[in-house]
Amino acid sequence: PRADLTVAFRYLNGGVLSPAEQQAYHPMDSYYSEEEWAAKWQREEAEQKKVVDPAESWRIARAKFASPEPKVEQDRELKIARPDGSTFAPDYLNCHADAFRTAVLTLESRAKAWGEKSPDLTNWLAGQDAVFANCRGGAATMPTDAPAGSSALLKADRQYQLAAAQFYAAQFEPARKSFLAIAEDSNSPWRGIARYLAARCLVRQAFLSHRSDQGDTMASFDPVLMQQAAAMLRELLKEKPAGVSQQTIQSELDLVRLRTDRKSVV
């Protein structure tokens, strides 16, 4: 159980539970027998099957306005050359569930604003298809510029789609600059979340641009980039930007601090 592993991690790294934490903690193994754990897992799996996958939710929502629906995969293959000449090719989750949830909500909102058959909505969908085409990897696919005479909202959305496509295509420096430019645009509906996403560019770049000599270590990272991300996230916690929750920012900062400030985390 995760609770037991967390306590073990604390002590094995030289930490302790405070008296209050000791009173609150009860080993989870004493709560359930092995049979009860198995039944609990089966119930949880059954509940998960009832939930529609976010990527599938996007496909269903998109199908109301256009066809055919391009296949979208959430994982991206990462190829790493080992010193011995072999290749380590793990997958990592590139396009998270929130990306598809946001796309569905935005699609529904733009359909109401522009009309289901409007040229702007058709162009927006093409841009979003280009974004998600980068989830799996391969040759980068970038959205085209919004047509001349497009609405200001479509142009703002296109800037956000471009930044997202760059992020998923692992073009982290261009993506970070694109998100920061959006953050400076007072008219963009994506202004609030843009700096948070710029920080996420640094985090993703820190993990994927720094490899150990072993070539197969997923936990290695660039400490300089990670510290830059931590500084941005701390600033965002103070600023409380619209469009992203404090919990989301704090969770990302915790992920960073677990690697850059281990003593305080443990």
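See the structure shown above.
Now for a description of the structure that goes with this document.

The next thing to look at is the pattern of salt bridges. All told, the structure shown has 13 salt bridges when counted by the stated rule. Between glutamate 21 and arginine 10 there is a salt bridge, with its nearest N and O atoms 3.4 Å apart. Of this pair, glutamate 21 sits in helix α2 (residues 19-24) while arginine 10 sits in helix α1 (residues 2-12), placing them 11 residues apart in sequence. Since its relative accessible area comes to 33%, glutamate 21 is described here as partly exposed. One salt bridge connects glutamate 73 with arginine 136, and the closest N-O pair in it is separated by 3.7 Å.

Glancing now at the state of the cysteines. Tallying each qualifying case throughout the model produces 1 disulfide. Each sulfur of the disulfide joining cysteine 95 and cysteine 135 lies 1.9 Å from the other. In this structure, the disulfide formed by cysteine 95 and cysteine 135 twists by about -95° around the S-S bond and is classed as left-handed. Pair noted here: cysteine 95 is in the loop between β4 (91-93) and α5 (97-114) and cysteine 135 is in the loop between α6 (119-132) and α7 (152-168), with a separation of 40 residues, a long-range link.

Relative to the 21 Å expected for 15 residues at 1.5 Å per residue, helix α11 (residues 246-260) spans 20 Å between its end C-alpha atoms, a close match to the ideal helical length. For α11, the full list of buried residues reads Ile249, Glu252, Leu253, Val256 and Arg257. The arc enclosing the buried residues of α11, seen along the axis, measures out at 140°, which places them on a common side.

This part takes up the packing of aromatic side chains. Within the structure shown, the criterion is met by 7 aromatic pairs. Ring centres of tyrosine 160 and phenylalanine 179 lie 6.1 Å apart, and the angle between their planes is 65°; on these two criteria the pair is classed as edge-to-face. You can see tyrosine 160 sitting in helix α7 and its partner phenylalanine 179 sitting in helix α8 (residues 172-183), a full 19 residues away along the chain. Like phenylalanine 179, tyrosine 160 is buried. With 4.0 Å between their ring centres and 10° between their planes, tyrosine 160 and tryptophan 190 make a pair best called stacked.

Thresholds applied
- Residues numbered from 1 in each chain as written.
- Predicted model: local features only at pLDDT ≥ 70, side-chain atom pairs only at ≥ 80, totals over all residues.
- Heavy atoms only, no water.
- Salt bridge = Lys/Arg side-chain N within 4 Å of Asp/Glu carboxyl O.
- Helix = DSSP H or I, 4+ residues; strand = E, 2+ residues; numbered from the N terminus.
- Buried < 20%, exposed > 50% of the residue type's maximum accessible area, 1.4 Å probe, protein only.
- Disulfide = S-S within 2.5 Å.
- Expected span 1.5 Å × (residues − 1).
- Arc of directions from axis to C-beta.
- Phe/Tyr/Trp six-rings, centres within 6.5 Å; stacked < 30°, edge-to-face > 60°.

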